[in-house]
Amino acid sequence: ATSRAMPASPVNWVARAITLPDDPGAHHPAPAPLLRREFVLEVPPRSAFLHVTALGLHRVSINGRLVSADLLAPGWTPYRQRLLHDTYDVTGLLTAGANVIAAALGDGWYRGRLGWSPGNDRATYGTQVALIAQLEVELADGSRTIVASDGSWVASTGEIRSADLYDGTVVDLRQRREGWDRPGYDAAGWLPVVEVPLERDVIEPRMAPPVRPVELIPVEVPRVDGRRTTLDSGQNLAGFVRLVVRGRAGDTVTVRHAEVLEPDGSLHTRSLRSARATDRYVLADDTEVVLEPPFTFHGFRYAEVQTEATVVAAEIVAISSDVPRRGWFSCSNAALDRLHENVVWSQRGNFVSVPTDCPQRDERLGWTGDAQAFAATACTLFDTETFWRSWL
């Protein structure tokens, strides 16, 4: 991942909001749109900055390499009034000759499930997800060029068959379009993008730190008979499971999540209400593969993995808005120390773009009452000034 960096001048947006034509995700969960644009630089770049945001969520790469480790970008805002953009220094990702900008789009808070009414909780802000991207390049010969999202891009879908914050993701690796994010890919069957109406004056730079992985927790994979294995992170958190598996074409890997177990050892999912909190993968072949869910997160301690494939390794990825730690506490009482750690982890799990009341069920909203009660503690434990300014 390249570093986040800001150029000297503000962005003069010429990019358009673009998306997949006739995207069925406007009406129900559907495959994530993939967008790409191939272009040529005659000479090597001296500097290059990518300005990017989305209606929904975006994951952007250049020449097959992700531009950042940020997750769930651009985050949650009242999108019609305020849309955040990030700027990345991508100089090291470009080369003289053919280059490709590629992006996948997720529903996120914009179009995915939001609220607590399962029959009517989609498309709160809009029905069309879209990418807004502008690459500004200064070449070694002193010339400048801009590659922006516009009608010259093309769109399709791939292995991400659905992705939702509450329900999780479905990824079918048999549908993967190998090489789609790199130069030379044959996109003859892809469709021209369509433009989504957007008032670009609502776009402003991100003030608060983005959501990122904040801790990796290795977990032991129990060697048990049968297809079902329960992983224990030892800690309630917001995040997801990353697996390394080896199986056969068509094997499925299903990962379900819960904060606690029932007395018989099964997952307690009743408190999730309608949220499925389930990630499902279909393997393409017998090679070893890393699995992690795009465009979602779960609140959990336990994860049940059901598969006929072999789970080679597993780790839990805890995520949060990446605010710096500034306060610590310890004493001679182990229970009090544990209480303090519970508070720290509660803040991490509920500071995901905005301050939420819980990270696990079908209602993960930002509540001003909860935030007001916790704000002083939050500011003591973490440097949260820009987080609060952005939220307010």
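Residues numbered from 1 in each chain as written. Predicted model: local features only at pLDDT ≥ 70, side-chain atom pairs only at ≥ 80, totals over all residues. Heavy atoms only, no water.

Enquirer: In this structure, what is going on with the pattern of salt bridges? I would like to understand it.
Expert: Think of it this way: side chains of opposite charge can pair up when their charged atoms draw near. In this structure the tally under the stated criterion is 30 salt bridges. Of the charged contacts, one joins D167 and R276 as a salt bridge, the two residues approaching to 3.4 Å between their closest N and O atoms. Within this pair, whereas D167 is found in the loop between β11 (160-164) and β12 (168-172), its partner R276 is found in the loop between β18 (252-258) and β19 (278-282), the two being separated by 109 residues in sequence. A cluster of three or more residues bridged by salt bridges with shared partners is formed by D23, D107, R111 and R122. (Salt bridge = Lys/Arg side-chain N within 4 Å of Asp/Glu carboxyl O. Helix = DSSP H or I, 4+ residues; strand = E, 2+ residues; numbered from the N terminus.)

Enquirer: Please clarify how the packing of aromatic side chains should be interpreted in this entry.
Expert: Aromatic ring pairs: the centre-centre distance and the angle between the two ring planes describe each pair. If you walk through the whole model with that rule in mind, you get eleven aromatic pairs. Relative to Y125, the ring of Y79 lies with its centre 4.9 Å away and its plane at 85°, an arrangement referred to as edge-to-face. Of the two residues, Y79 sits in the loop between β5 (65-66) and β6 (83-89) while Y125 sits in the loop between α1 (108-111) and β8 (130-139), which places them 46 residues apart along the sequence. By the burial criterion, Y79 is buried, and Y125 matches it. Centroid distance F351 to F374: 6.5 Å. Interplanar angle 75°. Geometry classified as edge-to-face. Taken as a pair, F351 in strand β23 (residues 351-352) and F374 in helix α3 (residues 368-381) lie far apart in primary sequence, 23 residues in all. Taking the relative accessible area as the measure of exposure, F351 reaches 3% and is therefore buried. (Phe/Tyr/Trp six-rings, centres within 6.5 Å; stacked < 30°, edge-to-face > 60°. Buried < 20%, exposed > 50% of the residue type's maximum accessible area, 1.4 Å probe, protein only.)

Enquirer: Hey, could you run me through α3 in this one?
Expert: Helical periodicity: at 3.6 residues per turn, an α-helix aligns residues three or four positions apart in one direction. When the terminal C-alpha atoms of α3 are compared, their 19 Å separation across 14 residues agrees well with the 20 Å that a helix rising 1.5 Å per residue should span. Of all the bends in α3, the greatest measures close to 50° and is centred on F374. Buried within α3 we find A371, A378 and L381. Looking at the packing, one finds that the buried side of α3 touches α2 (334-350), β23, β24 (354-355) and α4 (385-391). (Expected span 1.5 Å × (residues − 1). Bend = angle between axes of the 7 residues up to and from the residue. Contact = heavy atoms within 4.5 Å.)

Enquirer: How do you make sense of the nonpolar core when you look at a structure like this?
Expert: As a rule of thumb, nonpolar side chains are buried together in soluble globular proteins. L72, V90, L94, L131 and L135 are the most contacted members of the largest nonpolar core, which has 74 residues in total. With seven residues, β8 is the largest single contributor of residues to this core. Of all hydrophobic cores here, the second largest spans 25 residues; its members include L231, V241, V253 and F300. (Core = buried A, V, L, I, M, F, W, Y, C linked by side-chain atoms within 4.5 Å.)

Enquirer: Please explain the packing of α2 against α3 as it appears in this structure.
Expert: Two numbers describe a pair of packed helices, the interaxial angle and the distance between the axes. In the contact formed by α2 and α3, the axes pass within 11 Å of each other and the chain directions differ by 100°. Regarding the angle of α2 to α3, the classification is roughly perpendicular. When α2 is examined against α3, the residues H340, V343, V344 and Q347 are found in contact with a partner set consisting of F374, T377, A378 and L381. For the contact of α2 with α3, the class distribution of residues is five nonpolar, three polar and no charged. (Axes fitted to C-alpha atoms, helices over the stretch in contact; angles between N-to-C directions. Parallel < 35°, antiparallel > 145°, perpendicular 65-115°, else oblique. Nonpolar A, V, L, I, M, F, W, Y, C, P; charged D, E, K, R; others polar.)

Enquirer: Help me out: how do you make sense of the side chain of H58 in this one?
Expert: Structurally, H58 is set in strand β4 (residues 57-62). The class for H58 is buried, based on a relative accessible area of 8%. Dropping the residues within four chain positions of it, H58 is found in contact with V52, T53, A73, P74, A104, L105, L131 and F295.

Enquirer: Any chance you could explain the environment of N350 here in plain terms?
Expert: By secondary structure assignment, the location of N350 is in helix α2. Not counting residues within four places of it along the chain, the set of residues in contact with N350 comprises P355, T356, D357, C358 and P359. In this structure the side chain of N350 is engaged in a polar contact, spanning 3.0 Å, whose partner is the backbone nitrogen of C358. (Polar contact = N/O pair within 3.5 Å; in protein donor to acceptor, adjacent residues only side chain to side chain.)

Enquirer: It is not clear to me how the sheet that holds β5 should be interpreted in this structure. Could you clarify?
Expert: Read from one edge of the open sheet, six strands run β5-β4-β7-β2-β10-β13, paired in antiparallel fashion. Because the sheet does not close on itself, it has two edges, and the strands there are β5 and β13 (191-192). (Pairing = 2+ DSSP bridges.)

Enquirer: Honestly, the side chain of S233 in this entry has me stumped. Any pointers?
Expert: Along the polypeptide, S233 turns up in strand β17 (residues 228-246). A polar contact of 2.7 Å, which involves the side chain of S233, links it to the backbone oxygen of Q235. Sequence-distant contacts of S233, that is, excluding residues within four places in its chain, are made with I217, V219, R301 and I316.

The analysis is restricted to geometry; functional conclusions fall outside its scope.
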